[in-house]
Amino acid sequence: MSLTVCTRLPDGTVVSSEVYTETTVNNLKSDVAEQAGLDPKRFCLVFEGKELSESKKLFSYAITGDTELIAEYKEAPVADIKTLVAGDSWWSSSFVELTEDPIIVTYEIRTERETDEAVSAFSYTKKPYGHPDADALTWYGSPSRMDFTFRGKVFGSFPNCSYADPVLLQLGKWHRYEVRISRSSCVYFIDDRKIAEMCPQDTPDCPLKGYFGFVTYASGFQFRDHKIYLPEGLPQNGDYVLVEENVRPVEEKKKGCCCIL
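If you're wondering where the values come from, they're calculated on a predicted model, not measured in any experiment.

I tried to follow the overall build of the chain on my own but got confused; where do I start?
Helix and strand content of the chain: one helix and 20 strands. Looking at the chain as a whole, 48% of its 261 residues are labelled buried. In the chain, once contacts between residues fewer than 6 apart in sequence are set aside, the share between residues at least 24 apart is 62%.

Here is the structure:
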């Protein structure tokens, strides 16, 4: 089953893309960018006046019987780049509690040196490695090592993984991460490739509520465009609330998008 999405560009030209049941908005953006010679990070797509969620599947916007959707191109601001060095950490201001409905987190990572290690985290205490209360579940990426995926207590333990297929990061390249986490499953992807999966509720000392963020050990890395998508109603219907860090006051929230400082 397929659907044609016609994306209208600012100069009036239209880019047509054939999408399928599993095609996400991020896949569509990549296709539009390739056809039009654009940077996919410099624009977003809008349908019926609403920005399309990158993790959402295109078919969730279609009405039964539709064969075509019309999307609009919209300029997007360049994401602020945050640089972490050895010993640094960064934590989202948004506190979440895991349920059986997955929370989706997306962001981009870049490494500049062979020794760089990009470590993403979910923690309640936000305590560093070695502290008796350190509880962070972490997941790993590096341009030189593939011996780690998930770890517990920051770096102190190794959860059982039901799936593991690590990949090396490319120096100087922005890699897109996507994490889907619930009480029963945590899985992360790099550039749409599944890397590893584990079960938080079956892992001793793994937090089931807390904050998303990043930690470092002996090196650093860069990240940008960190977004958290919380399930609203029935997530299988594609309804998510986007929590954007440090964008605008909560009083300006609108339907389908909750912005938190």
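Would you mind showing me how to read the nonpolar core here?
For soluble globular proteins, the rule of thumb is that nonpolar side chains tend to be buried together. The biggest cluster of nonpolar side chains holds 29 residues, and the ones touching the most others in it are Ile109, Trp139, Tyr188 and Phe212. In terms of residue count, the dominant contributor to this core is strand β9 (residues 103–110) (four residues). Other than its neighbours up to four places away in sequence, Tyr188 contacts Trp139, Tyr140, Phe148, Thr149, Phe150, Tyr177, Glu178, Val179, Arg193, Lys194, Ile195 and Ala196. Grouped together as the second largest cluster of nonpolar side chains are 19 residues, Val5, Ala33, Tyr61 and Tyr73 included.

What exactly am I supposed to notice about the confidence of the model for the chain here?
Here the chain averages 84 in pLDDT, while 86% of its residues score no lower than 70. Here residues 233–239 scores under 50 on pLDDT; set against residues more than four positions off or in separate chains, the count is nine contacts. Contacts from residues 244–261, a stretch scored under 50 in pLDDT, to residues over four places away or in other chains number 38 contacts.

I'm lost on the sheet that holds strand β3 (residues 43–47) in this one. Help?
Paired through their backbone hydrogen bonds, the strands of a sheet run either parallel or antiparallel. The strand order across the open sheet built from five strands is β2-β1-β5-β3-β4, with neighbouring strands paired in mixed fashion. Pairing within the sheet leaves two strands with one partner each, and these edge strands are β2 (14–20) and β4 (50–51). Sheet analysis places strand β1 (residues 2–8) next to β2, joined by seven bridges and oriented antiparallel. Along β2, the bridge assignment pairs Leu3 with Val19. With respect to the sheet, helix α1 (residues 25–36) is in contact with β1, β2 and β3, its orientation differing from that of β2 by roughly 145 degrees.

Hey, could you run me through α1 in this one?
Working note: α-helix, 3.6 residues per turn, so residues spaced by three or four point in the same direction. Between its first and last C-alpha, α1 extends 16 Å over twelve residues, near the 16 Å set by a 1.5 Å rise per residue. For α1, the complete set of buried residues consists of Val25, Asn26, Leu28, Lys29, Val32 and Ala33. Down the axis of α1, the buried side of the element spans an arc of 155 degrees, and every buried residue falls inside it. Its buried side turned inward, α1 meets β1, β2, β3 and β14 (175–181). Immediately downstream of α1, the backbone of Gly37 shows phi near 70 degrees, a positive value.

Explanation requested: the side chain of Ser182 in the structure shown.
Within the fold, Ser182 resides in the loop between β14 and β15 (186–190). Leaving out residues up to four positions away in the same chain, Ser182 has contacts with Leu98, Thr99, Glu100, Asp101, Pro102 and Pro200.

Rules used in this analysis
Residues numbered from 1 in each chain as written. Predicted model: local features only at pLDDT ≥ 70, side-chain atom pairs only at ≥ 80, totals over all residues. Heavy atoms only, no water. Helix = DSSP H or I, 4+ residues; strand = E, 2+ residues; numbered from the N terminus. Buried < 20%, exposed > 50% of the residue type's maximum accessible area, 1.4 Å probe, protein only. Contact = heavy atoms within 4.5 Å. Core = buried A, V, L, I, M, F, W, Y, C linked by side-chain atoms within 4.5 Å. pLDDT = per-residue confidence, 0-100. Pairing = 2+ DSSP bridges. Axes fitted to C-alpha atoms, helices over the stretch in contact; angles between N-to-C directions. Expected span 1.5 Å × (residues − 1). Arc of directions from axis to C-beta.

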